[in-house]
Amino acid sequence: MSCLVAINRLWFKFTEQDDYLLKDINLQVNSGEVVAIVGLSGSGKSTLCYCISGIIPLIKKGIIDGEVLIKGKSTKKVDISQVSTNLGIVFQNPDTQLFSPTVEDEIAFGPENMCFSREEIDKRVTSSLKKIGMEDFRFKNPKSLSGGQKQLIALASVLSLDPEILIFDEAMSQLDQNGKKMINELIATLRQEGKTIIMVEHDLDNLHMADRVKLLRTGELMDFNGEL
Ligand SMILES: Nc1ncnc2c1ncn2[C@@H]1O[C@H](COP(=O)(O)OP(=O)(O)OP(=O)(O)O)[C@@H](O)[C@H]1O
């Protein structure tokens, strides 16, 4: 089994912070694994997701030491478009992710940037919408949707690029019970397809989907023993 994500001795703090937020983080995620990360609010879970996805240091800045390797390549040495070919991230707050006038444009954005044919783009939009059960929302404005629906559209935008690695940063936080059930089933399908998934979860009931659960506490990443 190959290691797709390797975090080696990662230290990070935002410039204005006194203490390091992430302290000597080490994590290897193998191909096809589902790893959950839990921790109290403010413990740095989203920040860790930014580090894994290359947003730190490529877009958000701070003081960083150590490295994150995606398929053996350091996120410090590639540009964000190279990272996003292999990796898709669904953020906690979908408003930071949605910017197109229609759901269709939103989901087509990634495949368009990859220069796929019009036919292929259309196929990917249709199949991504089907996966989240929102075919009827194709021509709606994402801004008019509920928080949960926006989270699903953000997820569909990521699925349209079919990345090998998926990061879900509390991607279910605004979903109702039906939405959560559907995402649970979708994660099970993605897992069967051999995708590698890192999921930040605050709902401990969702942890059964993970092969391993890690706890982020006082900047350190450790095995989760059931106590936050
Ligand atoms: N751009 C930034 N500049 C300075 N501090 C930041 C920045 N982004 C986040 N922080 C701070 O870093 C800490 C960790 O934030 P982060 O969002 O990573 O935590 P989290 O575990 O994901 O929290 P939650 O579960 O509430 O989403 C918080 O104290 C937050 O206020």
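The chain goes by ABC transporter ATP-binding protein in an unreviewed UniProt entry, where it is assigned to Natranaerobius trueperi. In the Sequence similarities (unreviewed entry) part of its UniProt record, the chain is described as follows: "Belongs to the ABC transporter superfamily." Under the UniProt heading Subcellular location (unreviewed entry), the note attached to the chain is "Cell membrane".

**Student:** Report on the overall build of the chain, specifying residues and quantitative values.
**Tutor:** Scanning the chain for helices and strands turns up seven helices and ten strands. At 17 Å, the chain has a C-alpha radius of gyration in line with the 17 Å of a compact globule built from 228 residues. Expressed along its principal axes, the backbone C-alpha trace of the chain runs to roughly 45 × 40 × 35 Å. The buried share among the 228 residues of the chain stands at 51%. By sequence separation, contacts in the chain at least 24 residues apart represent 66% of the contacts at least 6 residues apart.

**Student:** Which residues make up the environment of Ser46, and what are the values?
**Tutor:** Here Ser46 shows up in helix H1 (residues 45-53). Counting along the chain gives 46 residues from Ser46 to Gln92, while the straight-line C-alpha distance between them is 8.0 Å. Setting aside its immediate chain neighbours within four residues, Ser46 contacts Gln92 and Asp169.

**Student:** So what about the sheet that holds strand E7 (residues 165-169)? Which residues, and what values?
**Tutor:** Within the open sheet, the six strands sit side by side as E6-E7-E8-E3-E9-E10. Their pairing is mixed. Bordering the open sheet on either side are strand E6 (87-90) and strand E10 (220-223), each of which pairs with just one other strand. Direction aside, neighbouring strands of the sheet carry axes that sit 20° apart on average. Alignment of strand E9 (residues 212-217) against E10, held across four bridges, turns out to be antiparallel.

**Student:** Give a description of the site of the ligand that names residues and reports values.
**Tutor:** In the neighbourhood of the ligand, 14 residues make up the surrounding shell, with Ser41, Gly42, Lys45, Ser46 and Thr47 lying closest. The side chain of Ser41 places a nitrogen or oxygen atom 2.6 Å from an oxygen atom of the ligand. Between the ligand and the protein, one listed contact pairs an oxygen atom with a side-chain N or O atom of Lys45 at 2.8 Å. Here the ligand, which alone exposes 640 Å², has 64% of that area covered by the protein. Looking at the shell around the ligand, its residues break down into three nonpolar, eight polar and three charged.

**Student:** Tell me what's going on with the layout of surface pockets, and back it up with residues and numbers.
**Tutor:** Here the largest pocket is characterised by a volume of approximately 860 Å³. Lining the largest pocket are 31 residues, with Ser84, Ile89, Phe91, Gln97 and Phe109 positioned closest to its centre. Residue assignment for the lining of the largest pocket shows that the elements contributing at least two residues are H1, helix H3 (80-86), E6, helix H4 (103-113) and helix H6 (147-159). Partitioned by chemical class, the residues of the lining of the largest pocket number 15 nonpolar, 13 polar and three charged.

**Student:** Give a description of the sheet that holds strand E1 (residues 3-13) that names residues and reports values.
**Tutor:** Across a sheet, paired strands are connected by hydrogen bonds in the backbone, their directions being either parallel or antiparallel. With respect to topology, four strands assemble into an open sheet ordered E2-E1-E4-E5, the strand pairing being antiparallel. Of all the strands in the sheet, the pair left with one neighbour each is strand E2 (22-30) and strand E5 (73-74). Sheet topology places E1 next to strand E4 (residues 63-70); seven bridges connect them, and they run antiparallel. When the bridges of E4 are listed, Lys13 appears paired with Ile63. In the packing of H1 onto the sheet, contacts are made with E1, E2 and E4, and the angle to E1 comes to roughly 125°.

Rules of the game
Residues numbered from 1 in each chain as written. Predicted model: local features only at pLDDT ≥ 70, side-chain atom pairs only at ≥ 80, totals over all residues. Heavy atoms only, no water. UniProt positions renumbered as here; feature names shortened; annotations may be inferred. Helix = DSSP H or I, 4+ residues; strand = E, 2+ residues; numbered from the N terminus. Rg over C-alpha atoms; globule rule 2.2 N^0.38 Å. Buried < 20%, exposed > 50% of the residue type's maximum accessible area, 1.4 Å probe, protein only. Contact = heavy atoms within 4.5 Å. Pairing = 2+ DSSP bridges. Axes fitted to C-alpha atoms, helices over the stretch in contact; angles between N-to-C directions. Near = heavy atom within 4 Å. Polar contact = N/O pair within 3.5 Å; in protein donor to acceptor, adjacent residues only side chain to side chain. Areas by Shrake-Rupley, 256 points an atom, 1.4 Å probe, with all protein chains shown as cover. Nonpolar A, V, L, I, M, F, W, Y, C, P; charged D, E, K, R; others polar. 1 Å grid on protein atoms, 1.4 Å probe; cavity = no way out; pocket = protein on both sides within 12 Å on 5 of 7 lines; lining within 4 Å. Points joined across faces, edges and corners; volume = space filled by probe spheres on them.

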